[in-house]
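An overview of the molecular structure
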Amino acid sequence: MIPFNKPYLSGNETLYIEDAVRTGKISGNGKYTKLCQDFFENKYGFKKCLLTTSCTDALEMCAILADIKQGDEVIIPSYTFVSTALAFIRQGAKIVFADSEASNPNLDVTQIEKLITSKTKAIVPVHYAGVACDMDAIMTLANKYNLLVIEDAAQAIDSYYISSNGEKKPLGGIGHMAAFSFHETKNIISGEGGLLAINDSKFVQRAEVIWEKGTNRAEFFRGEVNKYGWIDIGSSFLPSEIIAAFLWAQLENLNDIQNRRKLLWKTYMDAFQKLNNSSIQLPVFPDYATNNAHMFYLVLPDLASRSDLITRLKENGFHSVFHYISLHSSDYYKDKHDGRILPNTDRFSDCLVRLPFFYELEINDINRLVKCLE
Ligand SMILES: *Cc1c(COP(=O)(O)O)cnc(C)c1O
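One structure accompanies this document, and this report is about it. (Residues numbered from 1 in each chain as written. Predicted model: local features only at pLDDT ≥ 70, side-chain atom pairs only at ≥ 80, totals over all residues. Heavy atoms only, no water.)

A few points about the environment of Ile112
As for its placement among the helices and strands, Ile112 is situated in the loop between strand S3 (94–98) and strand S4 (120–123). Spatially, the C-alpha atoms of Ile112 and Asn146 are 14 Å apart, while their sequence positions differ by 34 residues. When residues no more than four places from it in sequence are discounted, the contact partners of Ile112 are Ile75, Leu107, Ile123, Ile138 and Leu141. (Helix = DSSP H or I, 4+ residues; strand = E, 2+ residues; numbered from the N terminus. Contact = heavy atoms within 4.5 Å.)

Written out as structure tokens, the structure is:
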């Protein structure tokens, strides 16, 4: 069976873990944590980066930093992973779900303005499959209504938004803050793991405190204060050096990993374009989005044909999977949702299928899969 995902080891993961263990620094915020954080700050220009134990944690830090309180409203797409909503729910927010675009699962920016009320505090765009949301339009709305923008960049490492003036901006570097994931299903992995990227410097100091269990220990270690103590809320959001050591081995190989994934992605795309089957909708990229080859998906005409496709691929040795169940119709939220129908979200929920996609997938596997669908 060709699996849907297979975690890829680039070579030095266990070597660096051994190094961390031998040098006796295995709690958080050591050498490997700094290497990883510096990597993101230097390569993508994020103002301040903090490793976290997951993207979920990074989003929770965002919700705390945004000072989300009971009754505040947060606009997020319904077609996303539960963590995008959960982080804000835990602070007492009401989630206002936005529909997807017709052509791709990202939230439809043209529908956001009418969802904004005097209680709206933040917009949380999710760059689905690493494809950029229309960030210029989102930032314009955010400025107009004085809202925070928190990018769920879980799938968006090394992907870009191209502004109308031609400027190329890394995803995660446009909103006030952003969250990335290194879960084993993402491009760059550490098992479980995440990153908080802060672009608005007014959040930097508090982020460090929340990260270190509500203490000003980070300032203390830099010699900026002469004792440290409890000054705010927080949690243990930082990962151990063992996780960071693993992640560093992956980041050293980012280009190789991305090149391989892009080659596999293009192989799928070329094969399906050649197949030219009008009942299969291929991924669509807006002019402002680049491709980071996070996943390869198809959109089928309806639920029945998707189920059929998944079954037939399985019979032929390929594991394919559907993705999100709309959050607005989840057991937890359906009674709290305001009742609006979100037709595009529901369509992706019913019709989108993700094909096997991982570094060690063979070109030949892809050709066999497409042949089998033919
Ligand atoms: C994977 C993912 C998350 C959660 O990431 P974790 O690191 O597993 O917490 C959140 N949002 C989106 C869009 C994701 O794809």
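Moving on from the coordinates now.
Considering the nonpolar core
By size, the foremost hydrophobic cluster in this structure holds 64 residues, and its most contacted members are Phe40, Ile112, Ile138, Phe180 and Phe182. Residue contributions to this core peak at 6 residues, all from helix H8 (residues 241–252). Shared between two domains, this core holds at least three residues of each, these being domain 1 (13–251) and domain 2 (254–373). With residues near it in sequence (within four places) discarded, Phe40 still touches Gly45, Phe46, Cys49, Ile157, Phe182, Leu195 and Leu251. (Core = buried A, V, L, I, M, F, W, Y, C linked by side-chain atoms within 4.5 Å. Buried < 20%, exposed > 50% of the residue type's maximum accessible area, 1.4 Å probe, protein only. Domains from an automatic or database assignment.)

What about the sheet that holds strand S10 (residues 297–299)?
Backbone hydrogen bonds are what pair the strands of a sheet, in a parallel or an antiparallel way. Spatially, the 3 strands line up as an open sheet ordered S10-S12-S11, and their pairing is antiparallel. With partners counted over all chains shown, the strands left at the sheet margins are S10 and strand S11 (321–322), one partner each. Pairing analysis gives 2 bridges linking S11 to strand S12 (residues 352–354), with the strands arranged antiparallel. Across the sheet, Val321 pairs through a bridge with Arg354, a residue of S12. (Pairing = 2+ DSSP bridges.)

Notes on the site of the ligand
Taken together, 15 residues lie near the ligand, and Thr56, Asp152, Gln155, Ser181 and Lys186 sit nearest. Thr56 has a polar side-chain atom sitting 2.5 Å from an oxygen atom of the ligand. Tyr324 is positioned with one of its side-chain polar atoms (N or O) 3.4 Å from an oxygen atom of the ligand. Residue composition of the shell around the ligand, by class: 5 nonpolar, 8 polar and 2 charged. (Near = heavy atom within 4 Å. Polar contact = N/O pair within 3.5 Å; in protein donor to acceptor, adjacent residues only side chain to side chain. Nonpolar A, V, L, I, M, F, W, Y, C, P; charged D, E, K, R; others polar.)

Considering the side chain of Glu101
You can see Glu101 is positioned in the loop between S3 and S4. The buried charged residue Glu101 lacks any salt bridge, with Arg347 as its nearest oppositely charged partner at 11 Å. Once residues within four sequence positions are removed from consideration, Glu101 is found in contact with Asn106, Leu107, Asp108, Tyr288, Asn344 and Phe348. (Lys, Arg positive; Asp, Glu negative; His and termini not counted. Salt bridge = Lys/Arg side-chain N within 4 Å of Asp/Glu carboxyl O.)

Examining the state of the cysteines
Here, disulfide denotes a covalent bond that connects the sulfur atoms of two cysteines. Across all of its chains, the model carries 0 disulfides by this definition. There is no disulfide at Cys36, and the cysteine sulfur nearest it, in Cys49, is 10 Å away. Considering cysteine sulfurs only, Cys351 is the nearest to Cys372, which forms no disulfide, with 20 Å between them. Exposure remark for Cys372: the relative accessible area of 29% places this residue in the partly exposed category. (Disulfide = S-S within 2.5 Å.)

Description of the side chain of Ser10
You can see Ser10 is positioned in the segment before helix H1 (13–22). Within the local environment of Ser10, its side chain forms a polar contact with the side chain of Asn253, the two groups lying 3.1 Å apart. Among residues more than four places away in sequence, those in contact with Ser10 are Ala249, Gln250 and Asn253.

A word on the sheet that holds strand S2 (residues 73–77)
Reading across the sheet, the 7 strands line up as S1-S9-S8-S5-S4-S2-S3 and stay open at both edges, with mixed pairing between neighbours. Strand pairing shows two members of the sheet lacking a second neighbour, strand S1 (48–52) and S3, which therefore form its edges. Each neighbouring strand pair of the sheet contributes to a mean axis angle of 25°, computed without reference to strand direction. Here S2 runs beside S3; their pairing, made up of 5 bridges, is parallel. Within S3, the residue paired with Ile76 across the bridge is Phe97. In this fold helix H4 (residues 82–89) packs onto S2, S3 and strand S5 (148–152), with an angle of close to 150° to the strand it touches most, S3. (Axes fitted to C-alpha atoms, helices over the stretch in contact; angles between N-to-C directions.)

That's the geometry; what it means functionally is another story.
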